[in-house]
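Structure assessment
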Amino acid sequence: MSIITIVGAGMMGSAMCFPASDNGHQIRLVGTPYDQEIIRRLKEDNFHAKLGMPLPPRCTPFYYEELDQALKGCQLLIAGVPSFGIDWFAENVLSRIPDDLVVLSITKGLEDEPDGTLLPISLAYNRKKLAPGRRLSINSIGGPCISQELCQRKHTSVALCGEDLDTLYWLKSQFITTYYHIQPTQDVVGIECSVAMKNAYAVGVALAIGLAKQQGAALSNPQASLFGQAVREMLRLVHLLGGQTDSVIYATSDLYVTINSGRNRKLGEALGEGLSFQEALQRYPGLTLESIPIITRAARALRKRHELGTANFNKFPLLRHLDEIINQGAPVHIPWNEFG
């Protein structure tokens, strides 16, 4: 059995303890500096305050100050930090590991470059975040997965993406269970970009939920129309970036999950109710919303490509409107007639 070190004691990083433990692995769960209280409670009575349950057997909590001890002798490192923590993770964690240690990222996000290039997180680590000339095996998971349901061992299907198939099948063997179903694929761009964008489009679909609340009715047609446009734009973006459009199925199912119960739904719903972006943020203080940088970076990249003549930003009217709401203070005015 393997020794697996997870850095990031948030909900999804911690949820990965369950299939890993069920496969008999030893898990070392390391909190970031923001997870001190979670780790303190785990050390006290093994109860995870955010998940609302104890961790499974063979899980040992570590403070960030104990990271070197937690990394010693491990066979797999899991990056459980949110997208705004990848610079911290590269500087403080990846810089301390051997080059042959396999890394699995559960982070969803995109990085944009001045020429309009959009990089998924795993590629951003290797191209921008590591020391020049250094390269690690960084792989990613994407697909519909609510952390509490994974902890409850409910059936969950995800894609596991990376550049080397042998590594992917080894990773699959570490986590696959009767309830956790894993499909390896080398389509890094298609999987990572689409599952990142689903966070952005969850805000867009949830606009209709807020608008319906204003009207005192639960309306399905507007949500369905926005859902369809969101999928259309994800397909276009993945095709533009050179990914496989079949991979968007994982983001589509993930979008369904997020609209039903995700954090980004709350933001979109508040905006649809008529709150400004700043007022919506005040309604949910401290809520981690990875949709905001994803919307901003994707729109900025597509706008640059539009200027260069390598993409048509007008083919992404829902993303453009989300960017206008978040970064330009525009009110919600869904561009229905531009969809298609």
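Refer to the preceding data block for the structure.
Structural notes, computed from the coordinates. These numbers come from a predicted model, not from an experiment. (Residues numbered from 1 in each chain as written. Predicted model: local features only at pLDDT ≥ 70, side-chain atom pairs only at ≥ 80, totals over all residues. Heavy atoms only, no water.)

**Quick look at the side chain of Asn139**
The residue Asn139 is located in strand S10 (residues 138-142) in this model. Residues contacting Asn139, with those up to four places away along its chain left out, are Val102, Val103, Leu104, Ser105, Cys161, Gly162, Glu163, Thr167, Leu168 and Leu171. (Helix = DSSP H or I, 4+ residues; strand = E, 2+ residues; numbered from the N terminus. Contact = heavy atoms within 4.5 Å.)

**So, helix H8 (residues 165-175)**
Inspection of H8 places Thr167, Leu168, Leu171, Gln174 and Phe175 among the buried residues, and these make up the whole buried set. The buried side chains of H8 occupy one side of the element, clustering within an arc of 115 degrees when seen end-on. The distance from a side-chain oxygen at the start of H8 to the backbone nitrogen of Asp166 is 3.4 Å, and the residue carrying that oxygen is Asp164. (Buried < 20%, exposed > 50% of the residue type's maximum accessible area, 1.4 Å probe, protein only. Arc of directions from axis to C-beta. Polar contact = N/O pair within 3.5 Å; in protein donor to acceptor, adjacent residues only side chain to side chain.)

**As for the packing of helix H9 (residues 188-214) against helix H12 (residues 263-272)**
It is at 6 Å that the axes of H9 and H12 come closest, and there the two elements cross at 45 degrees. Classed by the angle they form, the pair H9 and H12 counts as oblique. By crossing handedness, the relation of H9 to H12 is classed as right-handed. Residues Asn199, Ala202, Val203, Ala206, Leu207, Ile209, Gly210, Leu211, Lys213 and Gln214 of H9 form the contact with H12, whose own contacting residues are Asn264, Arg265, Leu267, Gly268, Glu269, Leu271 and Gly272. For the contact of H9 with H12, the class distribution of residues is 8 nonpolar, 6 polar and 3 charged. (Axes fitted to C-alpha atoms, helices over the stretch in contact; angles between N-to-C directions. Parallel < 35°, antiparallel > 145°, perpendicular 65-115°, else oblique. Left-handed = near helix turned anticlockwise from the far one by under 90°. Nonpolar A, V, L, I, M, F, W, Y, C, P; charged D, E, K, R; others polar.)

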